[in-house]
Number of protein chains: 2
Amino acid sequence: MKVVEMRSPYLIFIGSESRKTYAKTGAGLVQWRPELCRGQMRLAADALDLGLADMTLEEAASAGVRSLVIGTATVGGDIPEQWYPVLRQALGLGMDLVAGAHKRLADVPGLAELAAANGARLIDVRVPPAALPVGSGAKRRGKRLLMVGTDCAVGKKYSALCVERDMRAAGMKADFRATGQTGIMIAGCGVPMDAVVSDFLSGAAEILSPDNDADHWDVIEGQGGLFHPGYSSVSTGLLIGSQPDAFVVCHEAGRERISGWEDFPLPSIEDVIARTIELGVLVNPAIHCVGVCVNTSALPAPEREHYLAELGQRLNLPCVDPLIDGTLAIVDRLR
Amino acid sequence: MKVVEMRSPYLIFIGSESRKTYAKTGAGLVQWRPELCRGQMRLAADALDLGLADMTLEEAASAGVRSLVIGTATVGGDIPEQWYPVLRQALGLGMDLVAGAHKRLADVPGLAELAAANGARLIDVRVPPAALPVGSGAKRRGKRLLMVGTDCAVGKKYSALCVERDMRAAGMKADFRATGQTGIMIAGCGVPMDAVVSDFLSGAAEILSPDNDADHWDVIEGQGGLFHPGYSSVSTGLLIGSQPDAFVVCHEAGRERISGWEDFPLPSIEDVIARTIELGVLVNPAIHCVGVCVNTSALPAPEREHYLAELGQRLNLPCVDPLIDGTLAIVDRLR
């Protein structure tokens, strides 16, 4: 598994990104590792505000920042050329650069030399481990809970982190298993599934959650969505390699189309449950849904409770907003 | 799309491989491009015989061979160290090396320098094109026929090549679209799907079969199997990106377990048809099965016809052994 060691505190780089969906790396670090985030740097007046102090690179250096973390995650995972001067300046100030793009910092001309000259490091979180195996399908010891989504960016990572926290609070053995760049930055280790060569995708998921104690839960961050025209194969490989005993469906209330693929309607939660079981029984006949985590932030406050109650009744499953309610109602079903 | 230019004639390198399934690259070239194959080189007495003249490297060089083609495809796609001396000697004789492994010839120590010194080339067929897009799901013009398998190595490539031949003979516009190393060597172009980074898998399949005339068929080589514990995500990405109008199920008569994953039973042809439609409607509501291609070589000759007739009646679809019967019965349904 890939282990990353980032030097804190961080300056989160937002660029000109105004959409929260595409700044999820920065937002995730602020949510889950606030004590490590010193400030934010934005290149446009309407860029997303993560609630951190705005800083120039010089101000950040004076404030003791040790890493500039690229906080955005664009479709395709590029590092735009207009950012290069910022990246060079940060290295010149001795800061590490941390990125989770498909394009590697090490492949941006000149950065490696600048880093070496300034005692700084280039940390490409999205580089998968070497020598991954092909998936074997062999049953592993211990238990696994996988987050599956109705779409990308609906709260799969937050839900998994909440479940890990609540399981541990309940005295259970649990580990969050990160599968994307943000999760890996938060956890300090994991496998960037979407950067794995496709022949080794389910094998990578097997490596991610190895044999463990019989009563230990791996809480696995999901990726993509099984009904997604771009990413369904990533979701499939993660599902097959994870061989989950149980899964949680993650959803954003009010979302009706696949975000960024507006010709595609969002699948229903029932469809996602049925499809996940249908595919997952190949590697674990016991697979079943244990709850739904909903990001209700788009709903007016008075509707929130009604929405979750109605959904819970319809599905006969605990349905929670993990950031508001916690996930104990779901965790209770797994004890 | 990746275009490869191989210099013929070829010496097919079998190493010590005795199983036909794992020598499919060599066998495929002998079947579909016999005029380009001058000889075979085997390192063990019980290694597979492709029916070519056995040659040493020196004999091959004297016979005018211009490329040593690695004819095996192992699980995981490695190039074993015990082959390195052979590869070095071939380069020393001025031959190109051609391989379709995940491990790249260019990454074997010393080969690049030897090639340069001898005017020879290292051709890694399994390196995908650069800058692939994420799949868009947008509908493309023209028609697409995808081969799907009950398992790996059941005849998907041969079936596609037969269908291309029979479509063209029937006056239809058709192109074989290669998705694996052997198919790419045969066709001279294609995309090695299983070597694509998983985020771009369906995007790669979209690139493979671009917009075309309304009455043109892309006949797309399949990969893996939707019920395969190692490779189902590759099959899923290819299916979603291909957005096929029609598909053919490929099967080997008598096979009952996933080859190499003996704990997993082979899915039924009916299961494969149902699952393919279930997943494929996401990108093409018209998707339907138009026939079954069966490799009947494991059956005694008298049983062959009965097997195919019984299957055809059960499924109400044309069922053929493409190498014996041709695929006209299937092609007829697409005219």
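Remember, it's a predicted structure, so these values are computed and weren't measured experimentally.

(A) The arrangement of the overall build of chain A in detail. Secondary structure summary: chain A contains 12 helices and 16 strands in total. Radius of gyration (C-alpha) of chain A: 20 Å, near the 20 Å computed for a compact globule of 335 residues. Every one of the 335 residues in chain A was classed for burial, and the buried ones make up 61%. Relative to all contacts within chain A whose residues are 6 or more apart in sequence, the contacts with residues 24 or more apart total 75%. Split by element, the accessible area of chain A, about 12600 Å² in all, is 50% carbon and sulfur.

(B) Just the pattern of salt bridges, in detail. Residue and element names in this part refer to chain A. In the structure shown here, the tally under the stated rule is 38 salt bridges over all chains. With a closest N to O distance of 2.7 Å, R255 and D151 form a salt bridge. Taken together, the residues R255 in the loop between β12 (246–252) and β13 (257–258) and D151 in the loop between β8 (143–149) and α5 (156–169) connect sequence positions 104 residues apart. In this pair, the class of R255 matches that of D151, namely buried. In this structure, the salt-bridge partner of D215 is K173, at a minimum N-O distance of 3.0 Å. Of the two residues, D215 sits in the loop between α7 (201–208) and β11 (216–220) while K173 sits in strand β9 (residues 173–177), which places them 42 residues apart along the sequence. D215 sits in the partly exposed class, given a relative accessible area of 47%. The partly exposed category is assigned to K173, whose relative accessible area is 36%. Residues joined in a network through salt bridges with shared partners are R7, D96 and R121.

(C) Examining the packing of helix α9 (residues 269–280) of chain A against helix α9 (residues 269–280) of chain B more closely. Packing of α9(A) against α9(B) leaves a shortest axis separation of 13 Å and a crossing angle of 145°. Like other packed secondary-structure pairs, α9(A) and α9(B) cross with a definite hand, here left-handed. Facing A:R275, A:E278 and A:L279 of α9(A), the residues of α9(B) in contact are B:R275, B:E278 and B:L279. Class assignment for the residues of the contact of α9(A) with α9(B) results in two nonpolar, no polar and four charged.

(D) Molecular detail of the relation of the copies chain B and chain A. Between the two copies, chain B and chain A, the superposition gives an RMSD of 0.0 Å; the rotation angle is 180° and the shift along the axis is 0.0 Å. Here the transformation between the copies is reduced to the relation of a two-fold axis.

(E) Summary view of the interface of chain B and chain A. Opposite the 36 residues of chain B that make contact, chain A presents 36 residues. For the pair chain B and chain A, the summed buried area comes to about 2800 Å², and 55% of that belongs to carbon and sulfur atoms. Per-residue buried area on chain B facing chain A is highest for B:S198, B:D199 and B:L282; these three make up 20% of the total on that side. Connecting chain B to chain A are two salt bridges. Our count for the chain B to chain A interface comes out at 21 residue pairs in polar contact (both at pLDDT 80 or more). Listing elements by their share of the side of chain B that touches chain A, those giving two or more residues are α7 (201–208), α8 (232–242), β13 (261–265) and α9 of chain B. Considering every element that reaches the side of chain B that touches chain A, the biggest residue donor is α8(B), with six residues. Of the residues assigned to the side of chain B that touches chain A, the class counts are 18 nonpolar, 13 polar and five charged.

(F) The arrangement of the pairing of strand β15 (residues 288–295) of chain A in detail. Residue and element names in this part refer to chain A. Within β15, six of the eight residues are buried, leaving the element largely enclosed by the surrounding structure. Pairing between β12 and β15: seven bridges, direction parallel. Bridging across to β15, H251 finds its partner in V294. Both β15 and strand β16 (residues 319–320) contribute to a ladder of two bridges, which runs parallel. Following the sheet pairing, V292 is matched in β16 by C319. Once you follow β15 into helix α10 (residues 301–315) and on to β16, the crossover reads as right-handed.

(G) The arrangement of the packing of aromatic side chains in detail. Residue and element names in this part refer to chain A. For the structure on display, the rule yields six aromatic pairs over all chains. Taking the centre distance of 5.8 Å and the plane angle of 90° together, the rings of W32 and Y158 count as edge-to-face. Separated by 126 residues along the polypeptide, W32 in helix α1 (residues 24–32) and Y158 in helix α5 bring together distant segments of the chain. Per residue, the accessibility class of W32 equals that of Y158, and both read buried.

(H) Summary view of unusual backbone geometry. The step from A:S8 to A:P9 runs through a cis peptide bond, and the omega angle for that step is 0°. Here A:P9 is to be found in the loop between β1 (2–3) and β2 (10–15). A positive phi angle, close to 55°, is found at A:N316, a residue other than glycine. Turning to its location among the elements, A:N316 is positioned in the loop between α10 and β16. By relative accessible area, which is 65% here, A:N316 ends up exposed. Despite not being glycine, B:Q243 shows a phi value in the positive range, around 40°.

(I) View of the environment of B:A246. Residue and element names in this part refer to chain B. Tracing the backbone shows A246 in strand β11 (residues 246–252). On a C-alpha basis, the gap between A246 and G291 in space is 9.3 Å, while along the polypeptide they are 45 residues apart. When residues no more than four places from it in sequence are discounted, the contact partners of A246 are R144, L145, L146, W217, H288, V290 and L334.

(J) Expanded view of the domain arrangement of chain A. All names here are of chain A. According to the domain assignment, chain A contains domain 1 (2–124) and domain 2 (143–334). Put simply, the middle of domain 1 and the middle of domain 2, counted by C-alpha atoms, are 27 Å apart. Counting from both sides, the interface comprises 20 residues of domain 1 and, opposite them, 19 residues of domain 2. In this assembly, domain 1 packs against domain 2 so that about 1700 Å² is buried in total across both faces, 64% of it on carbon and sulfur atoms. At the junction of domain 1 and domain 2, the tally comes to zero salt bridges. Where domain 1 touches domain 2, the interface holds four residue pairs in polar contact (both at pLDDT 80 or more). Elements with a minimum of two residues in the side of domain 1 that touches domain 2: β1, α1 and β6 (96–99). The biggest single contributor to the side of domain 1 that touches domain 2 is α1, with seven residues. Looking at the side of domain 1 that touches domain 2 residue by residue, the classes come out as 11 nonpolar, six polar and three charged.

About the thresholds
- Sequence order as written defines residue numbering, which begins from 1 separately in each chain.
- Written order determines the labels here, with chains lettered from A and ligands numbered from 1.
- Per-residue local features of the predicted model are confined to residues with pLDDT of at least 70, and side-chain atom pairs are confined, for both listing and counting, to 80 or more; whole-chain, interface and lining totals are unaffected and use all residues.
- The basis for the side-chain values is all heavy atoms of the structure; hydrogens and waters are excluded.
- Secondary structure follows DSSP: runs of H or I at least 4 residues long count as helices, runs of E at least 2 residues long count as strands, and numbering of each begins at the N terminus.
- Only C-alpha atoms enter the radius of gyration; for comparison, a globular chain is expected to reach 2.2 Å times N to the power 0.38, where N is the number of residues.
- Here's how the labels work: a residue is buried when its accessible area is under 20% of the maximum for its type, exposed when over 50%, partly exposed in between, all with a 1.4 Å probe on protein chains only.
- The contact rule is simple, with two residues in contact once any of their heavy atoms fall within 4.5 Å.
- Residue burial considers only the protein chains on display, and all accessible areas are found by Shrake-Rupley using a 1.4 Å probe.
- For salt bridges, the criterion is a side-chain nitrogen of Lys or Arg within 4 Å of an Asp or Glu carboxyl oxygen.
- Only the stretch in contact is used when a helix axis is fitted, and all axes are lines through C-alpha atoms; the angle between N-to-C directions ranges over 0 to 180 degrees.
- We call a crossing left-handed when the near helix sits turned anticlockwise from the far one by less than a right angle, and right-handed when that turn is clockwise.
- Residues are grouped as follows: Ala, Val, Leu, Ile, Met, Phe, Trp, Tyr, Cys and Pro are nonpolar; Asp, Glu, Lys and Arg are charged; all remaining types, including Gly, are polar.
- In this comparison the copies share one frame, found by least squares on the C-alpha atoms of residues holding pLDDT of at least 70 in both.
- The quantity reported as buried area is the accessible area (1.4 Å probe) lost by two parts once they are put together, taken as the sum for both.
- We define a polar contact as two N or O atoms separated by no more than 3.5 Å, with the added condition that, inside protein, one atom must be a possible hydrogen donor and the other a possible acceptor, whereas residues neighbouring each other in sequence contribute only through side-chain atom pairs.
- Two strands form a pair only when DSSP identifies at least two bridges running between them.
- The definition of a right-handed crossover adopted here requires that, viewed with the strands pointing away, the path from the first strand over the helix to the second runs clockwise.
- For Phe, Tyr and Trp, where Trp contributes only its six-membered ring, two rings pair if their centres lie within 6.5 Å, and the inter-plane angle classes them as stacked under 30 degrees, edge-to-face over 60, or tilted in between.
- For each domain, the first and last residues come from an automatic or database assignment.

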